[in-house]
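Survey of secondary and tertiary structure
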Amino acid sequence: MLSQASSALVTCYQCGKCTAGCPVAERMDLSPNQILRLVQLGQEEKAIRSSGIWLCVSCLTCVARCPKSLGCAAAFDMLREKAVREGKVNASQHRVVLFYREFLKNVRKNGRLHEADLVGRYKLLGFAKDFRVHLLLKDATLAPRLMRRGRFSIKAQPMRDLGIVERIFQRCAQPTNATDDSVVTSEETV
Amino acid sequence: MEFGYYPGCALHGSSNEYEASLRACMNTLNVELCELDDWICCGATAAHALNHMLSIALPARNLAIAERDGLNEVFAPCPLCSMELHKARKSLADDQALQGQVSEIVESPVTGQTDVLNLIQVFQRIGTERLAARVKRPLSHIRAACYYGCLLTRPPKIVQFDNCEHPTSMQDILKSLGAEVVEWGSATECCGAGLTLASEDVVLELSHRILTDAAASGANCIVTACPMCHVNLDMKQADVERRWNAHHDMMVYYLSDLVGLALGLDEQELGIARHFVVTDPAERDASHAANFSTSTTEEQNSCLE
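Residues numbered from 1 in each chain as written. Chains lettered and ligands numbered in written order. Predicted model: local features only at pLDDT ≥ 70, side-chain atom pairs only at ≥ 80, totals over all residues. Heavy atoms only, no water.

Re the pairing of strand S1 (residues 2-5) of chain B
All names here are of chain B. Here is the rule we go by: Strand pairing is assigned whenever DSSP identifies at least 2 bridges connecting the two strands. Helix and strand definitions follow DSSP, with helices as H or I runs of at least four residues and strands as E runs of at least two, each counted in order from the N terminus.
In the sheet, S1 pairs with strand S2 (residues 32-35) via four bridges, with the strands oriented parallel. Across the sheet, residue Gly-4 finds its bridge partner in S2, namely Cys-34. By the bridge criterion, two bridges tie S1 to strand S3 (residues 73-75) in an arrangement that is parallel. Within the sheet, the bridge partner assigned to Gly-4 lies in S3 and is Val-74.

Below, the structure written as structure tokens:
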């Protein structure tokens, strides 16, 4: 039984233009067209565990060039959502997922991004996961350098109506089996 | 001339010098910007990567505000924001049932009829003839590599703006202000966008390629209309140089910086002094002519293969 995603990709004839134009394809474990191929064949389970879907920079080059007006963007969004929902995120990409999750938590609190809070939490939580001191400490001088340029605010600049923010998030909330520790080990990936 | 205005989080945060720059231009050109009342974050990449409905609802809330307040056109200077607004607009306009569903979620009627404009389009509205007529200081020292990044021209079906492989809209504006522009191959190559923190190595490599290509193509500066691109090429330039053992020394302007300079505004009010790389393109020409070294160029160009 093929999924809706697989049906949506039925016209993809694996020409490879998406992969050819992808700026980060070389870094991926599976190339963009290979990931779509897995979806076409009903093997989303393998696709959601790839590093490729998280290395994606959302540049939409694949969408612009696809001769069948598909591109990988919509499929990758679906796969990313599914990977987090099922707790099967490729371990090597945990920082990307962490960043996106913290970003949304941050927006939920203020209605707008509070950069200082996001960076602080991202750095600390990332370190708590992979103990990479270098990543924790670098950019420490960025805050004062931005501050000197009048481009940094330690205080949040929230919206007036935070109630609507919370209600929008609640109405869009998805059921998930993922805990915060929603990564898979590298042995379990493709 | 009046537009609805959606600054987004970056322009009110660490890219506030971009807002200073564009506001200075708009003031001088008598363009009024009506900031959307109590706007909400567009969700950027995080929302569309993790939650499809949220990625429509957040920008839709802003479109609803625009509709409620009679603002038919909204200027969104950040292309990540304008992309999310465009995607929401497109999804809603084609789908009545979705309009109903989303209107309920955002507690305000939204149909997606609002037009979304980027910085280049606003200058196009003002018109190159009008801009040219008001030039006080022609940009004769500028030889620009116009850098569009990803989201201004892609995907063509959604943004319907310029040409996604060989855009020329920025060039046209700069030429009308007396600047020279270069032909180069990286105008729409990605800089790594919002992954500056989470995938820094990707951003450093992609930005290095862009900076290298701009120099190799004879440009003495890069011009952009996106705060994420600007951060990756300007704020991260020193990190790029360290990582790739390169010397870029490349000024990265916002389009509004150069338009403002041409109109006679000064660097302070345009926020140019608040960039990270603050150098003079004319001086760059002089020093690079004196210090030309073939081995460095080969080393730098090898990353373009």
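Some remarks on helix H3 (residues 32-40) of chain A
For an α-helix, the turn length of 3.6 residues means that residues three or four places apart are oriented alike. Counted only if it meets this: Burial classes follow relative accessibility: with a 1.4 Å probe on protein chains only, a residue under 20% of its type's maximum area counts as buried, one over 50% as exposed, and anything between as partly exposed.
Counted residue by residue, H3 of chain A has seven buried out of nine residues, so it is predominantly covered. Listed in full, the buried residues belonging to H3 of chain A are Pro-32, Asn-33, Ile-35, Leu-36, Leu-38, Val-39 and Gln-40 of chain A.

Quick word on the interface of chain A and chain B
Our working rule: Note on definitions: a residue-residue contact is assigned when non-hydrogen atoms from the two residues lie within 4.5 Å. As used here, buried area is the combined drop in accessible area, with a 1.4 Å probe, of two parts when they are placed together. For this analysis, a salt bridge means a side-chain nitrogen from Lys or Arg found within 4 Å of a carboxyl oxygen belonging to Asp or Glu. Polar contacts here mean pairs of N or O atoms no more than 3.5 Å apart (in protein, one a potential hydrogen donor and the other a potential acceptor; neighbouring residues in sequence count only if both atoms are side-chain atoms). Throughout this entry, Asp, Glu, Lys and Arg are counted as charged residues, while Ala, Val, Leu, Ile, Met, Phe, Trp, Tyr, Cys and Pro are counted as nonpolar. The remaining residues, Gly among them, count as polar.
With 56 residues of chain A at the contact, the number on the chain B side is 58 residues. Summed over both sides, the interface of chain A with chain B buries roughly 5100 Å², with 58% coming from carbon and sulfur. The interface formed by chain A and chain B holds eight salt bridges in total. For Asp-201 of chain B, the salt bridge is made with Arg-27 of chain A, and the minimal N-O distance between the two is 3.2 Å. Scanning the region where chain A abuts chain B turns up 27 residue pairs in polar contact (both at pLDDT 80 or more). When residues of the side of chain A that touches chain B are traced back to their parent elements, those giving at least two are helix H5 (52-55), helix H6 (61-65), helix H7 (73-85), helix H8 (94-110), helix H9 (115-130), helix H11 (142-148) and helix H12 (162-172) of chain A. Of the residues in the side of chain A that touches chain B, the class split is 29 nonpolar, seven polar and 20 charged.

Some words on the packing of aromatic side chains
To describe a pair of aromatic rings, you give the distance between the ring centres and the angle between the ring planes. So the rule is basically this: Pairing of aromatic rings covers Phe, Tyr and Trp, the last counted by its six-membered ring, and requires centre-to-centre distances within 6.5 Å; plane angles under 30 degrees mean stacked, over 60 mean edge-to-face, and any other angle means tilted. In this scheme, the term charge over a ring applies when either NZ of a lysine or CZ of an arginine sits within 6 Å of the ring centre and within 35 degrees of the ring normal.
Inspection of the entire model under this criterion finds nine aromatic pairs over all chains. Within the aromatic cluster, the residues linked to one another by ring pairs are Trp-54, Phe-99, Tyr-100, Phe-103 and Tyr-122 of chain A. When the ring centre of Trp-244 of chain B is taken as reference, the NZ or CZ atom of Arg-243 of chain B above it lies at 4.8 Å.

What about unusual backbone geometry?
Residues and elements named next belong to chain B. The linkage connecting Arg-154 with the following residue, Pro-155, adopts the cis geometry, with an omega of -10°. Its location among the elements puts Pro-155 in the loop between strand S5 (143-147) and helix H9 (156-159). The phi torsion at Gln-160 lies on the positive side, around 45°, for a residue other than glycine. Position of Gln-160 among the secondary structure elements: in the loop between H9 and helix H10 (169-176).

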